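This is what each chain is made of:
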Amino acid sequence: MSLLADRIAARRTFAIISHPDAGKTTLTEKLLLYTGSIQTAGSVKGKSSSRHAVSDWMDIEKQRGISVTSSVMQFTYDGCCVNILDTPGHQDFSEDTYRTLMAADAAVMVIDGAKGVEAQTKKLFRVCAMRGIPIFTFVNKMDRETRDPFDLMEEVENVLGIRTYPMNWPIGNGRNFRGVFDRASRRVIAFEGDGRANGTKKVNEIEAELGAAELDELVGAENHRALMDDIELLDGADSEFDLDAVLAGKLSPVFFGSALTNFGVEPFLKDFLRLAPSPSAHTDALTGEPVEPTREDFSGFVFKIQANMDKNHRDRIAFVRICSGKFERGMEARHVQGGRKIKLATGTAMMADDRAIVDEAYAGDIVGLFDPGIFSIGDTLCTGKQPVQFAGIPTFAPELFARVSQVDTLKRKQFVKGMEQLAQEGAIQIFRELGAGMESVIVGVVGTLQFDVLEQRLKSEYKVEVRRQPLPYTDIRWIANEPDSIDIPGLSLTRDTLRVEDMRGGRLLLFTSAWNVDWATDHNPELRLSEFGNVTF
């Protein structure tokens, strides 16, 4: 293999997904702890603590103990270069999660052992299934009272429609949780924590063989007997571990553990890196042909834009997933959507909001590029004589709307800049009435918490306070007619339908009900409306 192929083969890029509070961000922290990336993990629990999760870097994330934006972290472990994408668990930020999943080669699905498969888990799983990427399951919170492991696996199979294979098996749960049995090595791994509810240090591991006398003392005779019965039942099942089925997204390896107390985290990490795929090919939308990661020419796409990660510089970073070849600092690449060549002067590797300049990166890596305002989500960068272009990333149709205006009219410039930058990030969608200015804009979001984040970020990052007035609109449609072929002001519409335009000049209609949508199409035969979801910022 060439040096390029060797470097790419060592890459593992995955996203961590879950329902809110299943422990996704805590698991991310503990993976960083075990890889030596951090020395002490800060749990997102406990508001009195001065520590916060590394991946929760926004002020609002630290205040509320939730993730509201995707974070990117890179580390090396056991010969692999790992890129973790920690996604928002809260359903109001599912669009950011969707975009992030487009950049991942695999997903780790975290499930609360007491609650099982929850609503947001189902939605995110469907996105992973659509892409056909491998899905690994981590059943978390085994240090608390949980449901029967057999019931949990059955629920995953019935509700999500994917077969499961337990890689390890829990010994007890709650206060009686004593460790896990590793099915491959046929050994019990018992754990001793540091005696605290939130384990911030690595835990010691003690190994023993199933059936050995010392195991009675280690995990308790009753636990030992129950474990032997469970393993006999598992071994008697017909199914065998099938790596090809895992890589095709048809079989999910299941791991049991407790991220909060560090039980089962390192064995999970080792198995995951052994089984997870190296970077896969992405399809060129121009030709329909796969772009292999080992292709010599560099290519990648922008899947996320984040403003003001560095409060001192008020910069914007475009996160690029490298799809092929090698990135080198200072290289020249074609910005396909912009139709010009640009110099990629500065590339950064991320640890949430901490960053380091990188001189080179390979297919599978995520690099942050300084964005002077030219990039949009879904844009392609490439080198070589034959340009490639990756498919755009769809935008979710907003479900809630509000009119937002600045309190202090003297801060109009900051207000406009803040609204435009947050819209380009994809954090919100903004519209204005036809012919109107930016003094007052209409904001569309997927969930109400996005409004809170908008107000908090405008105040902290742009020093602007705003008023918010809820609007009654429920449906949004894009006018698909050519601009010159239809008289938009002359359309026959219900009185409460609003004519607006987006940041790119696209014309849209806001409706207060589905009935009003039907009215518009019935009374304007020439009008062509389409779902807004395919338009990207």
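Being a predicted model, the structure only gives us computed values, none of them experimental.

A. Fine view of the packing of aromatic side chains. Counted under the stated rule, the structure contains 13 aromatic pairs. A centroid spacing of 4.7 Å and a plane angle of 75 degrees characterise the contact between Phe136 and Phe272, whose relative ring orientation is edge-to-face. Pair noted here: Phe136 is in strand 5 (residues 135-140) and Phe272 is in helix 10 (residues 265-275), with a separation of 136 residues, a long-range link. The exposure class assigned to Phe136 is buried, which follows from its relative accessible area of 0%.

B. How the structure looks around the side chain of Thr380. Position of Thr380 among the secondary structure elements: in strand 23 (residues 380-382). Here Thr380 falls in the buried class, since its relative accessible area comes to 0%. The contact partners of Thr380, leaving out residues within four places of it in the chain, are Gly300, Phe301, Arg334, His335, Val336, Gln337, Val388, Gln389 and Phe390.

C. Representation of the pairing of strand 7 (residues 168-171). Burial along strand 7 is two-sided: Asn168 and Pro170 facing one way and Trp169 and Ile171 facing the other are all buried. For strand 7 and strand 8 (residues 179-182), the ladder comprises four bridges, and the chain directions are antiparallel. The residue bridging Asn168 from the neighbouring strand is Asp182, located in strand 8.

D. Structural context of the environment of Val407. Looking at where Val407 falls in the secondary structure, it is placed in the loop between strand 24 (400-406) and helix 11 (412-425). When its relative accessible area of 40% is taken as the criterion, Val407 is described as partly exposed. Remark: the alpha-carbon pair of Val407 and Glu465, spanning 58 residues in sequence, is separated by 5.7 Å. Excluding residues within four positions of it along the chain, Val407 makes contact with Glu465, Val466 and Arg467.

E. Broad picture of the side chain of Thr164. With respect to the secondary-structure elements, Thr164 resides in strand 6 (residues 163-166). On the basis of relative accessibility, which here comes to 8%, the residue Thr164 falls in the buried class. Looking at Thr164, its side chain comes within polar contact range of the side chain of Glu157, at 2.7 Å.

Parameters and conventions
- Residues numbered from 1 in each chain as written.
- Predicted model: local features only at pLDDT ≥ 70, side-chain atom pairs only at ≥ 80, totals over all residues.
- Heavy atoms only, no water.
- Phe/Tyr/Trp six-rings, centres within 6.5 Å; stacked < 30°, edge-to-face > 60°.
- Helix = DSSP H or I, 4+ residues; strand = E, 2+ residues; numbered from the N terminus.
- Buried < 20%, exposed > 50% of the residue type's maximum accessible area, 1.4 Å probe, protein only.
- Contact = heavy atoms within 4.5 Å.
- Pairing = 2+ DSSP bridges.
- Polar contact = N/O pair within 3.5 Å; in protein donor to acceptor, adjacent residues only side chain to side chain.

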